[in-house]
There are 2 protein chains.
Amino acid sequence: MFNDATVDEINVVMDKAWKAFHLYRKFSLKQRADFMLAIAAELAACGDDLIFIVMKETNLPEARLRGERTRTIFQLTSYAAACEDGTWLDARIDTADPGKTPPKPDLRKMLVPLGPVVVFGASNFPFAYSTAGGDTACAFAAGCPVIIKAHPAHAETSEIVAGAILRAAKKCNMPDGIFAHVHGASVETGKSLVMHQHTKAVGFTGSFSGGKQLFDWGNQRKEPIPVFAEMGSVNPVFLLPEKLKQSAAEIAKIYAASVTLGVGQFCTNPGLIIGIESDELQIFIAALGEEIKHNAPATMLHPGIAKAFAEKREKALTQKDVITVAVSESESKENQGIPTIASASGQAFINNPLLHQEVFGPYSIVIRCKDMNEMIEVSKNLEGQLTATLIASENDIRNNDELVEAVKNICGRFILNNVPTGVEVCLSMHHGGPYPATTDSRFTSVGADGIKRFARPICFQNWGNDLLPQELKNENAINIWRTINTELTKNSIQ
Amino acid sequence: MFNDATVDEINVVMDKAWKAFHLYRKFSLKQRADFMLAIAAELAACGDDLIFIVMKETNLPEARLRGERTRTIFQLTSYAAACEDGTWLDARIDTADPGKTPPKPDLRKMLVPLGPVVVFGASNFPFAYSTAGGDTACAFAAGCPVIIKAHPAHAETSEIVAGAILRAAKKCNMPDGIFAHVHGASVETGKSLVMHQHTKAVGFTGSFSGGKQLFDWGNQRKEPIPVFAEMGSVNPVFLLPEKLKQSAAEIAKIYAASVTLGVGQFCTNPGLIIGIESDELQIFIAALGEEIKHNAPATMLHPGIAKAFAEKREKALTQKDVITVAVSESESKENQGIPTIASASGQAFINNPLLHQEVFGPYSIVIRCKDMNEMIEVSKNLEGQLTATLIASENDIRNNDELVEAVKNICGRFILNNVPTGVEVCLSMHHGGPYPATTDSRFTSVGADGIKRFARPICFQNWGNDLLPQELKNENAINIWRTINTELTKNSIQ
């Protein structure tokens, strides 16, 4: 059991972070990358003991947690490589032209860090989106100190991972205050952290209500700050007619696995499947239901999430015109999520906004549209989503341009004949999407492009080569990509 | 005299823009660029008649307005070139790896437009930051329709430039609704535009109170949207001791010209000059005052701005411990800005937040610090700025790292031995800065990087080459820079 940080404690932590910021932001890309690699090594060195503690705190299975730690280490090492590569700095140089009227000065621009970043640990990713997770890695790469608000559901895990970061910081001679770990189950702790004058950005993965609250606080400050909240979505899946005709049962099987993966506790869980009334759709629904019946309930992350799932599931199933298609036939214990498939007509869905909301857990609703026009209408009634999926043949795509364009317009990742669960860590990933999936559709929380969330450009005008930062000097000794007089190049300037 | 648009009229305009968006966003980069070039040509073709109308509406001199139109045409043509070049799309491709566990899908990411953009005309740039100005050019390049809210102080100018855009749209077969022009002197018109569900971003250049209001509305919407407000700043100039010793009088002369340029009506006007008590500082102040005395008052943009200048100047000059150093000795007429230099001690400045505020017009205050420590304290008391300038020798820079770092941390453009007025239009320019200079320090409103304000990434997962957008297809027929499997290249994919 850990105590919530007091306001005085938070002030001390933030003052230290502010001092550390002024030192750390002058560290080279290589020094930042080495620090991140050291964190990765310390995290790996925590060994099996850590895995067993996380299992106890989160109810997640061992294999999943081993995989998630490996993923977290990959995030740290691959973002470290991206940090050192320096392309993310968006270095641009326009050399002087004294002959122009008026004379054109030498101008050189690059990204610099925003300042201390507060990261809220996510309950569903105790490693990958918590203490040493993606937001932390991106902030360190950008040149920002990090203050973690531990998720109370895995506070001990968070404490151990924080220890690993602090050991890495010591080994790499990082300034005191580069990283801090704060506990807090109360709303007040979170609010104090977001509202503190030295906080310059916030990273969050979790519920809509939590993320929206942080976003509002961030905007209500005397100096508003960016709050990057990834708040989940229902991740609609559209079953197009030709493809469904070809393989209804096969798709149902794949989707049953996706709906129940990790007890449905992923932000990319497919919570909404939309088809057009037909024999094939009936085959799909029956096959999906059959799979779900044989899928066993499992314990959810913590009692709060299990309770919320039970309530939201119950509320969804008792809405007018909603049919319960299938429920797991295995017995369920306390705090377990019961795999469930519901169904409703297109009109029922359009008329009832409650059916658009996420039921976080192993639940999905199949919407039966009367025709393609109704499917388009459904798509136009959807809010912003992290992902949207088309299950479609090439003909389906070519013949339904209006639907394809409408769906493309609401999502951050647009998937064809695949499942939304499974978020690859790479530069081309976009894990974000229009509001309310996130608070800022222009940034990703997975992949090294996430570094840019915590940086802003600065332009140096008329500085001599000797006084410029390394990244902008004529000689380009660190060999980064730069745009010089509109040409992208690694060349030096003669 | 033009009537404010009614709510019904705004609904019609926004519905058309929304329809146009779904067509325009599929237009190729070349089609967008051609449209922008056509606007530039139409703007040039408006000829001298337009210049004379703008002179009448804004009181700005002919040469300045001819220059500003040329700049606006350059913005349109250079952003068109950047649009077509496609580097701004941040295209990233990671090819599939079916052998990986789990199999890695093909992932391809690029920027897509946000949707209709509302742009508020700026009173101080009737061409460059109004109807066909930088925000409009960036939005069209990004693939967004534009709705202009004309600035009431140059409504006729705006009407004529809007006509040029509409003629270009017709010539280029743009969809109906790609551009709309709305009048509105009332707060209600602006609010209706920002709050409309089809508005997806806002561009604004103007006062802090105006920009902050738009920002708050944008965040209070059911679906919050980005509001890019550039709200000006005092643009501090730090006079470092060695450099000041070398050339106090010369610097004073250059700065007198910068303070009074365009009757001080630039967001980058140097409103705050900070030195250390010394004989040289006295020489600087005396020389600056002498120049200002001989600088004639001139008519400001409109009576509202002249009134605000007179009031804020009066208020600043009557603050405790503020000395009036020099005032123009020429007679002034109604609505003219009177060139003025004031002075105060470092402590007086630190203790009185009112002295930190912008007095928009030909006014500047010189702060006399007792030593370098007080100068550092002043720098740490400043809010975010568009620009900050050091007047410094190489020794000054090397010996005063704490000051240099503190100043760097609060500005968007960091200038050495130059004046902040004069904002070059090029890729390396950053016209932005930490709040309250702008509402989002991560984006610029000058230079082609401003295009990114109006776009967001989308990732295509598992799409066949035939179905992908042109920009992400294997063959790279349009020859753009893309990052393929972490390598930046123009190569096609075999």
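Cut-offs applied
The numbers attached to residues start from 1 for each chain and follow its sequence in the written order. As they are written, the chains are lettered A onward and the ligands numbered 1 onward, keeping that order. Side-chain atom pairs in this predicted model are given and counted only at pLDDT of 80 or more, local residue features only at pLDDT of at least 70, and totals for whole chains, interfaces and linings cover all residues. Note that the side-chain values use all heavy atoms of the structure and ignore hydrogens as well as water. Pairs of residues are marked as contacts when any of their non-hydrogen atoms sit within 4.5 Å. Using a 1.4 Å probe, buried area is obtained as the accessible area two parts lose upon being combined, added over both of them. Salt bridges are defined as contacts in which a side-chain nitrogen from Lys or Arg sits within 4 Å of a carboxyl oxygen from Asp or Glu. Counted as a polar contact is a pair of N or O atoms within 3.5 Å, where, for protein atoms, one must be capable of donating a hydrogen and the other of accepting one, and residues adjacent in sequence contribute only when both atoms are in side chains. Numbered from the N terminus, helices here are DSSP runs of H or I no shorter than four residues, and strands are runs of E no shorter than two. Strand pairing follows a simple DSSP-based rule, namely that at least 2 bridges must link the two strands. By convention a nonpolar core is built from buried Ala, Val, Leu, Ile, Met, Phe, Trp, Tyr and Cys residues, the set being connected through side-chain atoms within 4.5 Å. Here the term buried applies to any residue with accessible area under 20% of the maximum for its type, exposed to any over 50%, and partly exposed to those in between, with areas from a 1.4 Å probe on protein chains only. Superposing copies: least-squares fit, C-alpha atoms only, residues required to have pLDDT of at least 70 in both. Only the stretch in contact is used when a helix axis is fitted, and all axes are lines through C-alpha atoms; the angle between N-to-C directions ranges over 0 to 180 degrees. Domain start and stop points were drawn from an automatic or database domain assignment. One fewer than the residue count of a helix, multiplied by 1.5 Å, yields its expected span. Reported orientations rely on four angle classes, namely roughly parallel under 35 degrees, roughly antiparallel over 145, roughly perpendicular from 65 to 115, and oblique for the rest. Handedness of a helix crossing follows the sense of rotation of the near helix relative to the far helix, less than a right angle counterclockwise being left-handed and clockwise being right-handed. Asp, Glu, Lys and Arg are counted as charged, while Ala, Val, Leu, Ile, Met, Phe, Trp, Tyr, Cys and Pro are counted as nonpolar; the rest, among them Gly, fall into the polar class. When two cysteine sulfur atoms are found within 2.5 Å, that pair is recorded as a disulfide.

## Some thoughts on the interface of chain A and chain B
Thinking step 1. The interface is formed by 75 residues belonging to chain A together with 75 residues belonging to chain B.
Thinking step 2. Summed over both sides, the interface between chain A and chain B buries roughly 6500 Å², with carbon and sulfur atoms accounting for 53% of that surface.
Thinking step 3. Taken together, the connections running from chain A to chain B amount to 14 salt bridges.
Thinking step 4. Between E383(B) and K222(A) there is a salt bridge, and its shortest N-O distance comes to 3.5 Å.
Thinking step 5. The interface formed by chain A and chain B contains 43 residue pairs in polar contact (both at pLDDT 80 or more).
Thinking step 6. At the level of secondary structure, the elements contributing two or more residues to the side of chain A that touches chain B comprise α1 (7-24), β1 (92-94), β2 (107-113), α8 (208-220), α14 (394-399), α15 (401-408), β16 (411-416) and β17 (455-461) of chain A.
Thinking step 7. Per-element accounting of the side of chain A that touches chain B gives the leading share, seven residues, to β17(A).
Thinking step 8. Bridge count for β16(A) against strand β17 (residues 455-461) of chain B is three bridges, and the pairing is parallel. Paired with R413(A) across the strands is C459(B), a residue of β17(B).

## Quick look at the nonpolar core
Thinking step 1. Ranked by size, the top nonpolar core spans 241 residues in total, and within it L390(A) and L390(B) carry the most contacts.
Thinking step 2. Residues within four places of L390(A) in sequence aside, it is in contact with F238(A), L240(A), I397(A), V404(A), V407(A), F414(A), I415(A), L416(A), N417(A) and W463(B).

## A look at the environment of L288(B)
Residues and elements named next belong to chain B.
Thinking step 1. Mapped onto the elements of the fold, L288 is located in helix α10 (residues 279-293).
Thinking step 2. The exposure class assigned to L288 is buried, which follows from its relative accessible area of 0%.
Thinking step 3. Put simply, L288 and K222 are 66 residues apart on the chain and 52 Å apart in space, counted from C-alpha to C-alpha.

## Digging into the relation of the copies chain A and chain B
Thinking step 1. Under the fitted operation, chain A is carried onto chain B by 0.0 Å of movement along the axis and a turn of 180 degrees, and the coordinates agree to an RMSD of 0.0 Å. What the superposition gives is, in effect, a two-fold axis relating one chain to the other. Relative to the rotation axis, the C-alpha of N219(A) is the closest in chain A, positioned 3.7 Å from it.
Thinking step 2. The overlap is high: 100% of the interface residues of chain A also sit at the interface in chain B, so the same surface is used on both sides.

## Focus on the sheet that holds strand β6 (residues 201-205) of chain B
All names here are of chain B.
Thinking step 1. A sheet is described by the order of its strands in space; here five strands give the open sequence β5-β4-β3-β6-β7, paired in parallel fashion. The open sheet has two edge strands with one neighbour each: β5 (179-182) and β7 (227-230). Between one strand and the next, the sheet's axes are offset by a mean angle of 15 degrees, whatever the strand orientation.
Thinking step 2. Across four bridges, strand β3 (residues 117-120) lies against β6 in parallel orientation. Directly across from F120, in β6, lies its bridge partner F204.
Thinking step 3. Of the strands in this sheet, β4 (146-149) and β5 are in contact with helix α6 (residues 155-171), which crosses β5 at around 165 degrees.

## Considering the domain arrangement of chain A
Residues and elements named next belong to chain A.
Thinking step 1. Taken as a whole, chain A is organised into domain 1 (7-231 + 441-455) and domain 2 (237-416).
Thinking step 2. Spacing between the C-alpha centres of domain 1 and domain 2 amounts to 33 Å.
Thinking step 3. In this assembly, 13 residues from domain 1 lie in contact with eleven residues from domain 2.
Thinking step 4. Taken over both partners, the interface formed by domain 1 and domain 2 buries close to 860 Å², and the fraction arising from carbon and sulfur atoms is 60%.
Thinking step 5. Of all residues in domain 1, the largest losses of buried area upon contact with domain 2 belong to N59, N124 and E230, amounting jointly to 45% of the total for that side.

## Overview of helix α2 (residues 29-45) of chain A
All names here are of chain A.
Thinking step 1. With 17 residues, α2 ought to run about 24 Å at 1.5 Å a step, and its terminal C-alpha atoms sit 24 Å apart, in line with that.
Thinking step 2. Within the sequence span of α2, burial applies to L29, R32, A33, F35, M36, A38, I39, A40, E42 and L43.
Thinking step 3. Contacts made by the buried residues of α2 are with α1, α3 (47-58), α4 (62-85), α5 (134-142) and α6 (155-171).
Thinking step 4. Within two residues after α2, G47 carries a phi angle of roughly 65 degrees, on the positive side.

## With respect to the sheet that holds strand β5 (residues 179-182) of chain A
Residue and element names in this part refer to chain A.
Thinking step 1. Sheet architecture is open: five strands sit in the order β5-β4-β3-β6-β7, paired in parallel fashion. Because the sheet does not close on itself, it has two edges, and the strands there are β5 and β7 (227-230). In this sheet, adjacent strand axes meet at a mean angle of 15 degrees when their direction is disregarded.
Thinking step 2. With four bridges connecting them, strand β3 (residues 117-120) and strand β4 (residues 146-149) associate as parallel partners.

## Focus: the packing of α2(A) against α5(A)
All names here are of chain A.
Thinking step 1. Two numbers describe how α2 lies on α5: the axes approach to 8 Å, and their chain directions differ by 155 degrees. In terms of axis orientation, α2 runs roughly antiparallel to α5. As α2 packs across α5, the resulting crossing turns out to be right-handed. Seen from α2, the contacting residues are R32, F35, M36 and I39; seen from α5, they are A137, F140, A141 and A142.
Thinking step 2. When grouped by side-chain class, the residues that make up the contact of α2 with α5 number seven nonpolar, no polar and one charged.

## Observations concerning α1(A)
Because the α-helix completes a turn every 3.6 residues, residues three or four places apart line up on one side.
Residue and element names in this part refer to chain A.
Thinking step 1. Helix length check: α1, at 18 residues, gives a terminal C-alpha distance of 25 Å against a target of 26 Å (1.5 Å per residue), a fit within 8%.
Thinking step 2. Residues I10, V13, M14, A17, W18, A20, F21 and Y24 constitute the buried set of α1.
Thinking step 3. On its buried face, α1 sits against α2, β2, α5, β4, β5 and α7 (187-195).

## A closer look at the state of the cysteines
Simply put, the disulfide is a covalent bond whose two ends are the sulfur atoms of two cysteines.
Thinking step 1. In total, this model carries zero disulfides over all chains according to the counting rule given.
Thinking step 2. In this structure C459(A) is not part of a disulfide, and its nearest cysteine sulfur, from C426(B), lies 7.1 Å away.
Thinking step 3. Residue classification places C459(A) among the buried residues on the basis of a relative accessible area of 0%.
Thinking step 4. Unpaired in terms of disulfides, C144(B) finds its nearest cysteine sulfur in C138(B), a separation of 10 Å.

## Describing the pairing of strand β6 (residues 201-205) of chain A
All names here are of chain A.
Thinking step 1. Most of β6 is tucked away: five of the five residues are buried.
Thinking step 2. Alternating positions in β6 separate into two faces, A201, G203 and T205 on one and V202 and F204 on the other, with burial throughout.
Thinking step 3. Bridge analysis of β3 against β6 gives three bridges, and the strand direction is parallel. Bridge pairing in β6 links V118 to V202.

## With respect to the environment of K307(A)
Thinking step 1. Mapped onto the elements, K307(A) comes out in helix α11 (residues 303-317).
Thinking step 2. The spacing of K307(A) and K171(A) is 136 residues in sequence and 43 Å in space, taken between C-alpha atoms.

## A closer look at the side chain of S445(B)
Thinking step 1. Relative to the elements of secondary structure, S445(B) occurs in the loop between β16 (411-416) and β17.
Thinking step 2. Those residues within four positions of S445(B) in sequence are excluded, and the remaining contacts are Y129(B), D135(B), E230(B), H431(B) and R453(B).

## Points about the pattern of salt bridges
All names here are of chain B.
Thinking step 1. Here the structure, examined in full by the defined rule, presents 61 salt bridges over all chains.
Thinking step 2. A salt bridge links E223 to K200; the shortest N-O distance between them is 2.8 Å. Within this pair, whereas E223 is found in the loop between α8 (208-220) and β7, its partner K200 is found in the loop between α7 (187-195) and β6, the two being separated by 23 residues in sequence.
Thinking step 3. The exposure class of K200 is buried, given its relative accessible area of 14%.
Thinking step 4. A salt bridge links R221 to E223; its shortest N-O distance comes to 3.9 Å.
Thinking step 5. Judged by relative accessible area, E223 falls into the partly exposed class, the value being 25%.

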